[in-house]
Amino acid sequence: MSTWEGSHAGEQRTALLSVFAAVALVALKLGAGLASGSLGLVAEALHSGTDLVAALLTLFAIRVAIRPPDREHPYGHGKAEHLAALGEAAFLVLASVFIAVQSVRRLTGDGGAEVDAAWYTLVVLVVVIGIDASRATVSWRASKRYASPALASNALHFAGDLVGSVAVLIGLLVVRAGVQEGDAIAALVVAVLVVVAAARLARGNVEVLMDRAPQAAAEAARQAIARAEPGVELRRLRVREAAGSYFVDAVIGIRPDAAVGQGHARADTVEAAVRRELPRADVVVHVEPGRGHSVRERVHAAAAGVEGVREVHNVRVLTVAGRPEVTLHLKLPAALSLDAAHGVTTDVERAIRAAAPELTVVHTHIEPLAVARDGAEPTPDDTTAEREEIADVVRARTGREPLGLQLRERQDGRLVALLTVCVAADEPLGEAHRLATEVEQEVRRRAPAIADVVVHTEPAG
């Protein structure tokens, strides 16, 4: 059984216990109230009757809420618990109105019956108070453990029952002291407590049903994103809650020249950070290009956004007479006609000038996008000379043996060398690249059969 399934099974057990407790309390209070003529006890019995209905609603709502999302309810069924809590609040209001009317009638002399505060009524109330205290505690702990609003509403309701039962006990003690109005006053106190509980219950659940943002959860998500991605631009964050779970929608802005994979990785990082902070959260992150600050960023983003462009590279910005100029390479589909390719470059230049109007010159170089070709691994005996030449070049340039060397044969019979060399770990990147370029050029000069050399540099040690 998963943690999610186990939590909802625990919620159902707690709700079922509430149903049994409510049945027992209705029987105890109603029996004692009718026997003694106590309006306070009858009111409490009615109050517990609403508890029974509420507990049944809670049990039903939890069973509905655990259903997985479907086509008609893509966000799940969690709000069923909040609807059940609103139904409970409505029952509480109706019960309080009835109790208040009967209390006022007795206090004004219209209700009339004498109250017999017999000893057994006091015993019943002591038992009831014990049950109310235990079930309020159990429901409250369960609501915290499972983050269940339905159980939280039950706990609040049971706590109100506890206070009401204490008020009725005090009222009967006053009756035994000779003041008959004590019972009606106690019943009126119960009615007020019911109204207060119903108002609090309705308000909290209406806010959830109206998708009011849970401020604490939203702030926790915001801080989690800031810690995980300090450089990311959080443009919008929306959080809503249902049955203890959160639905988080975030819009982030990243560098406009970032690749799609980089944007996806940023989104994954943000999702993971929010879920660590809000474990029961469904997180959706939308990535948008941020506002480019440098000319290069804006040029790259503008060119990459033109339809038909497959790759943008070698973007170079030069300042001539105080004004910036840009050159860049565009890769377009190899099957494209020159006329169509020229149309794409015209669109690219137009987009670049719109994104960076300060540019005086925009020069584009068109390249065909490379297509996948078949290759083969040559026999080692046939490439012994080439391997020795490559090893000599690497030793001469780096002072170390090659870390790795593989050869591939192209369809035209020429070779491609995949070479890995070690460079000092503290070597600047520019120097490491210069060394790799020298190795490539020297290998091609000394081994004409090798058409291309791909050099991968790794830090020594």
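Residues numbered from 1 in each chain as written. Predicted model: local features only at pLDDT ≥ 70, side-chain atom pairs only at ≥ 80, totals over all residues. Heavy atoms only, no water.

Draft legend 1. A look at the overall build of the protein chain. Counting its regular elements, the protein chain contains 12 helices and 9 strands. Within the protein chain, the fraction of its 461 residues that count as buried is 41%. If you take every contact in the protein chain between residues at least 6 apart in sequence, the share linking residues at least 24 apart comes to 68%. With the model as given, the accessible surface of the protein chain reaches about 24,200 Å², and the carbon-plus-sulfur share is 58%. (Helix = DSSP H or I, 4+ residues; strand = E, 2+ residues; numbered from the N terminus. Buried < 20%, exposed > 50% of the residue type's maximum accessible area, 1.4 Å probe, protein only. Contact = heavy atoms within 4.5 Å. Areas by Shrake-Rupley, 256 points an atom, 1.4 Å probe, with all protein chains shown as cover.)

Draft legend 2. Highlighting the nonpolar core. Judged by nonpolar contacts, the single largest core of 21 residues is most densely connected at Leu41, Leu125, Val168 and Leu172. Looking at this core, the elements that each hand over two or more residues are α1 (3–36), α3 (79–107), α4 (119–146), α5 (149–176) and α6 (181–209). When residues in this core are grouped by element, the largest group, 6 residues, is from α6. (Core = buried A, V, L, I, M, F, W, Y, C linked by side-chain atoms within 4.5 Å.)

Draft legend 3. Representation of the packing of helix α11 (residues 384–398) against helix α12 (residues 429–446) within the structure. With their axes 10 Å apart at the nearest point, α11 and α12 run at an angle of 145° to one another. For the crossing formed where α11 meets α12, the hand is right-handed. In this structure, α11 contributes Glu389, Ile390, Asp392, Val393, Val394, Arg397 and Thr398 to the contact, and α12 contributes Leu435, Glu438, Val439, Glu442, Val443 and Arg446. (Axes fitted to C-alpha atoms, helices over the stretch in contact; angles between N-to-C directions. Left-handed = near helix turned anticlockwise from the far one by under 90°.)

Draft legend 4. Examining the environment of Val344 more closely. Along the chain, Val344 falls in helix α10 (residues 338–355). If near-sequence neighbours (up to four positions away) are discounted, Val344 is found in contact with Val306, Glu307, Val309, Leu332 and Leu336.

Draft legend 5. Seen up close, unusual backbone geometry. If you check the backbone angles, Asn314 has positive phi at about 50° while not being a glycine. The topology assignment puts Asn314 in strand β4 (residues 311–320). The phi dihedral of Ala321 is positive, around 55°, even though this residue is not glycine. Here Ala321 lies in the loop between β4 and β5 (323–332). On the basis of relative accessibility, which here comes to 80%, the residue Ala321 falls in the exposed class.

Draft legend 6. Broad picture of the side chain of Thr364. Within the secondary structure, Thr364 sits in strand β6 (residues 361–368). In terms of polar contacts, Thr364 uses its side chain to reach the side chain of Glu349, at 3.3 Å. Among residues more than four places away in sequence, those in contact with Thr364 are Leu328, Leu330, Thr345 and Glu349. (Polar contact = N/O pair within 3.5 Å; in protein donor to acceptor, adjacent residues only side chain to side chain.)

Draft legend 7. A look at the packing of helix α9 (residues 295–304) against α10. At their nearest, the axes of α9 and α10 sit 8 Å apart, and the two run at 140° to each other. Where α9 crosses over α10, the handedness of that crossing is right-handed. Across from Arg298, Val299, Ala302 and Ala303 in α9, the residues of α10 making contact are Val348, Ala351, Ile352 and Ala355.

Draft legend 8. Molecular detail of the pattern of salt bridges. With the rule as written, the count across this model stands at 15 salt bridges. In this structure, the salt-bridge partner of Glu358 is Arg298, at a minimum N-O distance of 2.7 Å. Here Glu358, found in the loop between α10 and β6, pairs with Arg298, found in helix α9; they are 60 residues apart in sequence, far enough to count as distant. Among the ionic pairs, Glu442 bridges to Arg445, the shortest N-O distance being 2.6 Å. Of the two residues, Glu442 and Arg445 both sit in helix α12, 3 residues apart, roughly one turn of that helix. (Salt bridge = Lys/Arg side-chain N within 4 Å of Asp/Glu carboxyl O.)

Draft legend 9. Layout of the sheet that holds strand β8 (residues 415–423). Across the sheet, which stays open at both edges, the 3 strands sit in the order β7-β8-β9 with mixed pairing between neighbours. Edge positions in the sheet fall to β7 (404–409) and β9 (450–459), since each has one partner strand and no second. Averaged over neighbouring strand pairs, the angle between their axes works out to 15° when direction is ignored. Running over the sheet, α11 touches β7, β8 and β9 and is turned about 25° from β8. (Pairing = 2+ DSSP bridges.)

Draft legend 10. Region of the structure containing the environment of Asp282. Locating Asp282 in the fold gives a position in strand β3 (residues 281–289). Note: C-alpha distance between Asp282 and Phe247 (35 residues apart in sequence) is 4.8 Å. Excluding its chain neighbours within four sequence positions, the residues that come into contact with Asp282 are Tyr246, Phe247 and Val248.

Draft legend 11. Highlighting the pairing of β4. Where β4 lies against β5, 8 bridges are found, and the strand directions are antiparallel. Opposite Thr319, over in β5, you have Pro324 as the bridge partner. The hairpin formed by β4 and β5 contains 2 residues between the paired strands, and Ala321 there has a positive phi angle of roughly 55°.

Draft legend 12. Representation of the sheet that holds β6 within the structure. Read from one edge of the open sheet, 3 strands run β4-β5-β6, paired in mixed fashion. In this open sheet, the two strands that pair with only one neighbour each are β4 and β6. On average, each strand axis in the sheet is inclined to that of its neighbour by 15°, with strand direction left out of account. Sheet strands touched by α9: β4 and β5. Its angle to β4, the strand with the most contacts, is close to 145°. Sheet contacts for α10: β5 and β6; angle to β6, the most-contacted strand, approximately 145°.

Draft legend 13. Summary view of a nonpolar patch on the surface. Together, Leu28, Trp119, Val123 and Val127 make up an exposed nonpolar region whose accessible area comes to about 390 Å². Residue contributions to the nonpolar patch peak at 3 residues, all from α4. Within the fold, Trp119 resides in helix α4. Trp119 sits in the exposed class, given a relative accessible area of 62%. (Patch = residues over 30% accessible without salt bridge, like charges linked within 9 Å, V, L, I, M, F, W, Y side chains within 5 Å.)

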